[in-house]
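Chain residues, written in single-letter form:
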Amino acid sequence: MLLTKEQISEQMRKHAEKKNGLHDLMEIMLESMMVAERGEFLADNPGNKGNGYRPGHSYGQGKKLEFRIPRDRYGNFHPQILAILRDQEEECDRLAGVLYTKGLTQEQVSDVFDQIYGQHYSKASISRMVECVRTQVNEWLERGLEEYYPVVFVDCVHIKIHRKRSVASEAFYVALAVTEEGTREVIYIGNMPVESATGWGEIFNSLKDRGLQRVGLMVADGIKGLDTVVGEKFPGTPLQRCVTHLKRNMFAKVRHGDKAALAADLRDIFRTGQRDYTVEMAWSKWQDMCERWGKDYLSIRRLRDNPDYKAYLTYLNYAPEIQGMIYTTNWIERLNRDFRRVTRMRTAMPNEESVLTLMGSVAMDHKAFDRALPNITVDKKLFPD
């Protein structure tokens, strides 16, 4: 007896109202669709025939769906509905990865999936999903590099991690490069417990192993000895020390009431965008400033003739249009804030690998880096034709 659409719909409605009725209907419909699809497949392939069923499962409405998958004699039949279900599972994998990289712990991701999809997603399942993210990040962090980057910014972000049953803040080294096309990309993220010039030397070696040969300009904070390491690893590469870091250090040398006046003097020295303002002029202003402030603060007077401080004026050798982009590590500092945002939801990260996964995911998804920087390619020292 054939039923009309209305009769079938009514029977399905009644069954769906029973306990687990909707779940049963979903299993029946999936299996029926695959059987019908096999019938069409066999009609188009004479000589082949059905060969029973094999068990299958998927998830829906927060519960596990179990059904029989029809087979053919030669193993050539693959139900299209299964591909759709696999796509759904891949979407779940991606969602788990996104939640994890946005700052949720694996346990929190598991709780979210429990509420949305049901209890069938165990912590082991979530761990497997997150492992896919780790694999992608590791491949990205180890990718080959260009031979030349016009500008490379380097800095460390300090994050608390567990190690040997104790928690301590450790340094995670970050290198952000400007490409020849004028965009930005993170070319290194790695861990060494303490930031040092020696550590940066090892990192520069790893960058060279991945293909980097030349750097037009290195921008960094005031870490001692870095100028020597840069000269050894990338001969002829100038070093620009971060002016923002210098200003912070200078403010710490004077009383609170003197900070505003000192800030005005520093702004006058570290000018940007003026074509007729030279390194020599800035250095003369620096020496005058140290002389004047040195009358009241001995620590400032000692800086007057220290040649190391000329590294804070390197930016003046480049086009005025880009000086404001290269005289500080502000770009990488903003990136480090994004790194801290996704890690601070945890009191301490379980290990360095989990930190690298989160930091790498943030760097990979940083959409602002895809946009070309305005006017930065005008400087022909860094961006030769």
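Residues numbered from 1 in each chain as written. Predicted model: local features only at pLDDT ≥ 70, side-chain atom pairs only at ≥ 80, totals over all residues. Heavy atoms only, no water.

Visitor: Hey, could you run me through the overall build of the protein in this one?
Guide: Helix and strand content of the protein: 14 helices and 7 strands. Split into buried and exposed, the 385 residues of the protein put 46% on the buried side. Contacts in the protein between residues far apart in sequence, at least 24 positions, make up 62% of those at least 6 positions apart. Put simply, the protein shows about 21100 Å² of open surface, and 49% of that area lies on carbon and sulfur atoms. (Helix = DSSP H or I, 4+ residues; strand = E, 2+ residues; numbered from the N terminus. Buried < 20%, exposed > 50% of the residue type's maximum accessible area, 1.4 Å probe, protein only. Contact = heavy atoms within 4.5 Å. Areas by Shrake-Rupley, 256 points an atom, 1.4 Å probe, with all protein chains shown as cover.)

Visitor: I would appreciate a short explanation of the nonpolar core in the present structure.
Guide: Side chains of nonpolar character tend, in soluble globular proteins, to be buried together. Counting residues in each nonpolar core, the largest one holds 64 residues, and the members touching the most others are Val-186, Met-250, Phe-270, Trp-286, Met-289, Phe-339 and Met-359. The leading source of residues in this core is helix H10 (residues 279-294), at 7 residues. Ala-177, Ile-187, Met-192 and Leu-212 belong to the second-largest nonpolar core, a separate cluster that totals 27 residues. (Core = buried A, V, L, I, M, F, W, Y, C linked by side-chain atoms within 4.5 Å.)

Visitor: How should the pattern of salt bridges be read in this particular structure?
Guide: Pairing between side chains becomes possible if they bear opposite charge and their charged atoms approach one another. On inspection of all chains with the given rule, the structure shows 9 salt bridges. Linking Asp-265 and Arg-292 is a salt bridge whose minimum nitrogen-to-oxygen distance equals 3.2 Å. Taken together, the residues Asp-265 in helix H9 (residues 259-269) and Arg-292 in helix H10 connect sequence positions 27 residues apart. Linking Asp-268 and Arg-271 is a salt bridge whose minimum nitrogen-to-oxygen distance equals 2.6 Å. Via salt bridges that share partners, Arg-163, Glu-170 and Glu-352 belong to a single interconnected network. (Salt bridge = Lys/Arg side-chain N within 4 Å of Asp/Glu carboxyl O.)

Visitor: Teacher, can you tell me more about the packing of helix H6 (residues 197-209) against helix H7 (residues 226-233) here?
Guide: Axes are the key here: two packed helices are described by the angle between their axes and the distance separating the axes. The contact between H6 and H7 brings their axes to 9 Å, and the two run at 25 degrees. Between H6 and H7, the angle falls in the class roughly parallel. Remark: the crossing between H6 and H7 carries right-handed chirality. Judged by residue contacts, Ala-197, Trp-200, Gly-201, Phe-204, Asn-205 and Lys-208 of H6 engage Leu-226, Val-229, Val-230 and Lys-233 from H7. Grouping the constituent residues of the contact of H6 with H7 by class yields 6 nonpolar, 2 polar and 2 charged. (Axes fitted to C-alpha atoms, helices over the stretch in contact; angles between N-to-C directions. Parallel < 35°, antiparallel > 145°, perpendicular 65-115°, else oblique. Left-handed = near helix turned anticlockwise from the far one by under 90°. Nonpolar A, V, L, I, M, F, W, Y, C, P; charged D, E, K, R; others polar.)

Visitor: For this particular structure, what's the right way to read the pairing of strand E3 (residues 148-163)?
Guide: With respect to burial, E3 is a largely interior element, 12 of its 16 residues being buried. In this structure, E3 lies alongside strand E6 (residues 214-220), joined through 5 bridges in parallel fashion. Residue pairing across strands places Val-151 opposite Leu-217, the latter belonging to E6. In this sheet, strand E4 (residues 166-178) lies alongside E3 in antiparallel orientation, the contact comprising 13 bridges. Bridge pairing links Val-151 to Val-178 in E4. (Pairing = 2+ DSSP bridges.)

Visitor: How do you make sense of unusual backbone geometry when you look at a structure like this?
Guide: Excluding glycine, most residues fall at negative phi; most peptide bonds, likewise, are trans. Even without a glycine there, the phi angle at Lys-164 is positive, about 55 degrees. Summarising the element assignment, Lys-164 is placed in the loop between E3 and E4. Despite not being glycine, Arg-165 shows a phi value in the positive range, around 60 degrees. Residue class for Arg-165 comes out exposed when judged on its relative accessible area of 86%.

Visitor: What's the story with the packing of aromatic side chains in this structure? I'm lost.
Guide: Two numbers describe a pair of aromatic rings. These are the distance of the centres and the angle of the planes. Under the definition given, this model contains 9 aromatic pairs. Ring centres 5.2 Å apart and planes at 20 degrees place the aromatic pair Trp-286 and Tyr-309 in the stacked group. Placement of Trp-286 in helix H10 and of Tyr-309 in the loop between helix H11 (298-301) and helix H12 (320-326) is noted, with a sequence separation of 23 residues between them. Tyr-309 gets classed as buried once you look at its relative accessible area, which sits at 18%. Positioned over the ring face of Tyr-53 is Arg-38, at 5.2 Å from the centre of the ring. (Phe/Tyr/Trp six-rings, centres within 6.5 Å; stacked < 30°, edge-to-face > 60°. Lys NZ or Arg CZ within 6 Å of the ring centre and 35° of its normal.)

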